[in-house]
Amino acid sequence: MALKRGLSCRNSGNVSCYSIVVLVFCSFLAPLIFFVGRGVYTSTSIDNNDFSTTTSTQVSGFVKEKILAKSNTNNAEGNKWTQIAAYVRTEISRGIQDDLVDDDHSQFHTPAILARRQLRERRREKYAAALVKQDDEVTVKLENAALERSKSVDSAVLGKYSIWRKENENENTDSKVHLMRDQMIMSRVYISIATMKKKPRLAQELQKQLKESQRALGEAIYDADLTRSAHEKIKSMDQVLSKAKEQLYDCNLVAGKLRAILQSADEQVRSLKRQSTFLSQLAAKTIPNGIHCLSMRLAIDYYLLPPEKRKFPRSENLENPSLFHYALFSDNVLAASVVVNSTIMNAKEPAKHVFHLVTDKLNFGAMNMWFLLNPPGKATIHVENVDEFKWLNSSYCPVLRQLESAAMKEYYFKGSHSTTLSAGSSNLKYRNPKYLSMLNHLRFYLPQIYPKLDKILFLDDDIVVQKDLTGLWSVNLHEKVNGAVETCGESFHRFDKYLNFSNPHIAKNFDPNACGWAYGMNIFDLKEWKKRDITGIYHKWQNMNEDRVLWKLGTLPPGLMTFYGLTHPLDKSWHVLGLGYSPSIDGSEIQNAAVIHYNGNMKPWLELAMTKYKSYWTKYIKFDHPYIRTCKLGE
């Protein structure tokens, strides 16, 4: 019945039925739909907002982590991550704008919704600002990291003028000096262009300012060296250069003039290098006044001694093969004294060491007098005069015969040889007087000088001994004659550096890649020497080189040839070379070396010696000795 009544009500179109339905909808269903919809929207908005916040925070953390991880890399890497941060920031901002657009299309514009929208906007702006701040902090960290790395750079190697250098880190800065030099270069460029373009007044103004800057700069190296007027000169020059740039600047012309200046400077550098080579070779040949004074005073006092006081004790040890024998050939009293002193001071049993010194007639008295006054403790010492070796004559020795030839005299003493600073420097070293002295060639006659000995250690006079050397006498040379330290690396100091391999005699008998070795500390087996007739081999090659077609003058090339295949390589710690020419020898190598060698032009007794190595030599000199004080060798 009810159903029928309902149907009858709907079918009848009764107005009262529709009114009831509308009333129920408005009072119950509509609020229910509103609150449900609101809850769904709020949940969605909050979820979206949380997602946006979480995403921003995660991205920010990711970018921060990556940038900090890269902060110790180079600038290019730092710039890359800074760009990534900017890109992420842009993308997030774009997402925020999209969200706002979506909100604008929302059907709900109640005050509560608008307030929440504004809150979201403020939060997103805060995240964006945090990213911007983070980017700035990362940039600062990158710059600070680069500055920290620059502090560890060795300015002695790379130079002091660095774009990373803070001017207040070193009171001896040179930025103003460099600026003035740059200004002077540009002024020369514009003077040339002004002259070419017929602007004499501007050229004169530039020339005047150039002279003023030159006077203000003087010999300054650091800013502290500049005169008080230098700052004003920099300003004045800057004004004149600005004026010249306005009137004369032409890119091609300026580039061409700078290129010409560069080429001119390059030629000057080459010329100065030639002069430096010449002067260093010249200095290497000189005898300092102090050493000359020492030799003369010692010689005078020696020849005033009665004959019975000129003899050394323990002469019975000179031919005892069971002792440790040294051969030292020198005309430098001070250098010889350092070799003997350093050897004895580092020897475990000084009484077993015997020194055989050979010098020339001029220094014979001085050498004797020094060691009579300063005996080497319990060690034995003997001094001989090379001019008294009667067997050493031109009929036996090819070098003596060659030195007496007209061709050799012309080579050494011809007046037409260039003696200017800029010319002739390349061959000057081969005209060094040491190549004329037989002291330099006696090393090839050791069995003739010491016929009763089995082994002998040859020492140059430019070495310092730092450890006990007796272990060298027990080194197994494996039937070789010469024990020496090799000097070649991958391609350095091999045979082709010393010998003329375009000559068929050289090319046929030697390997150009064979490793060279060092004279200066060599242990020689004199029994094997005699068995293999080493002196005869030397004579053969020396006779073939009378016209200097196989090698230039010197003793190392014939030594390499004479002992080819007969040299046993010693451990490198026995002998470290290069203290007379190389500024980059590792300090630990020097400390661990048994012998250090000042081979090269910068001998430790010369003013041009390298200061960093000199103390290893001078510590074996008694500067309070009366003779040394008198000759002012300690100054």
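Here, the structure is the one placed above.
What you see is a predicted model; the values in this text were computed from it and never measured.

Caption draft 1: Geometry of the overall build of the protein chain. From N to C terminus, the protein chain includes 23 helices and ten strands. For the protein chain, buried positions account for 41% of its 635 residues. In the protein chain, 76% of the contacts between residues at least 6 apart in sequence involve partners at least 24 apart.

Caption draft 2: Just the nonpolar core, in detail. Counting residues in each nonpolar core, the largest one holds 65 residues, and the members touching the most others are L294, L357, L457, L469 and L472. Top element by residues in this core is helix α11 (residues 333-345). It accounts for eight residues. The contact partners of L469, leaving out residues within four places of it in the chain, are Y326, L457, W574, A594 and V595. By size, the runner-up hydrophobic cluster in this structure holds 44 residues, among which are A327, M438, L446 and A514.

Caption draft 3: Looking closely at the sheet that holds strand β1 (residues 324-329). Within the open sheet, the seven strands sit side by side as β3-β2-β1-β4-β7-β6-β8. Their pairing is mixed. In this open sheet, the two edge strands, each paired with only one partner strand, are β3 (380-385) and β8 (567-569). Ignoring which end each strand starts from, the neighbouring axes of this sheet average 25° apart. In this sheet, strand β7 (residues 521-525) lies alongside strand β4 (residues 455-459) in antiparallel orientation, the contact comprising five bridges. Each bridged residue has a counterpart across the sheet, and for K455 the counterpart in β7 is D525. Across the sheet, α11 is in contact with β1, β2 (353-359), β3 and β4; its angle to β2 comes to roughly 175°. Set on the sheet, helix α12 (residues 361-373) makes contact with β2 and β3; between it and β3 the angle comes to about 165°.

Caption draft 4: The arrangement of the environment of A299 in detail. Position of A299 among the secondary structure elements: in helix α10 (residues 289-303). For the pair A299 and N368, spaced 69 residues apart in sequence, the C-alpha separation works out to 8.3 Å.

Caption draft 5: Expanded view of the side chain of H325. Mapped onto the elements, H325 comes out in strand β1. One polar contact links H325 to H356, side chain to side chain, over a distance of 2.8 Å. In contact with H325, not counting residues within four places along its chain, are N317, L318, E319, N320, V354, H356, L453, K455, I456, L457 and W473.

Caption draft 6: The pairing of β7, seen in detail. Most of β7 is tucked away, with five of its five residues classed as buried. For strand β6 (residues 482-484) and β7, the ladder comprises two bridges, and the chain directions are antiparallel. Paired with N482 across the strands is F524, a residue of β7.

Caption draft 7: Fine view of the sheet that holds strand β5 (residues 463-465). Taking strand neighbours across the sheet as the criterion, the three strands line up as β5-β10-β9 in an open arrangement whose pairing is mixed. The sheet is open, and its two edges are formed by β5 and β9 (575-576), each paired on a single side. With two bridges connecting them, β9 and strand β10 (residues 595-597) associate as parallel partners. Residue pairing across strands places V576 opposite I596, the latter belonging to β10.

Caption draft 8: Geometry of the state of the cysteines. If you walk through the whole model with that rule in mind, you get two disulfides. The disulfide bridge from C293 ends at C631, spanning 2.1 Å between sulfur atoms. Since a negative S-S torsion denotes a left-handed disulfide, the C293-C631 link at about -75° is left-handed. With C293 in helix α10 and C631 in the segment after α23 (626-630), this pair connects stretches of sequence that are 338 residues apart. In this pair, the class of C293 matches that of C631, namely buried. Two residues, C488 and C515, share a disulfide whose sulfurs are 1.8 Å apart. With the S-S bond torsion at -115°, the cross-link from C488 to C515 turns out left-handed. With a gap of 27 residues between them, C488 in the loop between β6 and α16 (495-498) and C515 in the loop between α17 (504-509) and β7 connect regions that are remote in the sequence. For C515, a relative accessible area of 19% gives the class buried.

Caption draft 9: Fine view of the packing of aromatic side chains. Applying the stated criterion across every chain yields a total of 24 aromatic pairs. Summarising the aromatic geometry, the rings of F444 and Y538 are spaced 3.9 Å apart at their centres and angled 5° between planes, so their arrangement reads as stacked. Taken together, the residues span a long stretch of sequence, with F444 in the loop between α14 (406-413) and α15 (446-449) and Y538 in helix α19 (residues 534-544) at a distance of 94 residues. Judged on exposure class, the residue F444 and its partner Y538 are both buried.

Caption draft 10: Geometry of the side chain of N385. In this fold, N385 is placed in strand β3. By relative accessible area, which is 7% here, N385 ends up buried. Within polar-contact distance, the side chain of N385 engages the backbone nitrogen of K361 at 3.4 Å. What N385 contacts, discounting residues up to four positions off in sequence, is T359, D360, K361 and F364.

The rules we used
Residues numbered from 1 in each chain as written. Predicted model: local features only at pLDDT ≥ 70, side-chain atom pairs only at ≥ 80, totals over all residues. Heavy atoms only, no water. Helix = DSSP H or I, 4+ residues; strand = E, 2+ residues; numbered from the N terminus. Buried < 20%, exposed > 50% of the residue type's maximum accessible area, 1.4 Å probe, protein only. Contact = heavy atoms within 4.5 Å. Core = buried A, V, L, I, M, F, W, Y, C linked by side-chain atoms within 4.5 Å. Pairing = 2+ DSSP bridges. Axes fitted to C-alpha atoms, helices over the stretch in contact; angles between N-to-C directions. Polar contact = N/O pair within 3.5 Å; in protein donor to acceptor, adjacent residues only side chain to side chain. Disulfide = S-S within 2.5 Å. Phe/Tyr/Trp six-rings, centres within 6.5 Å; stacked < 30°, edge-to-face > 60°.

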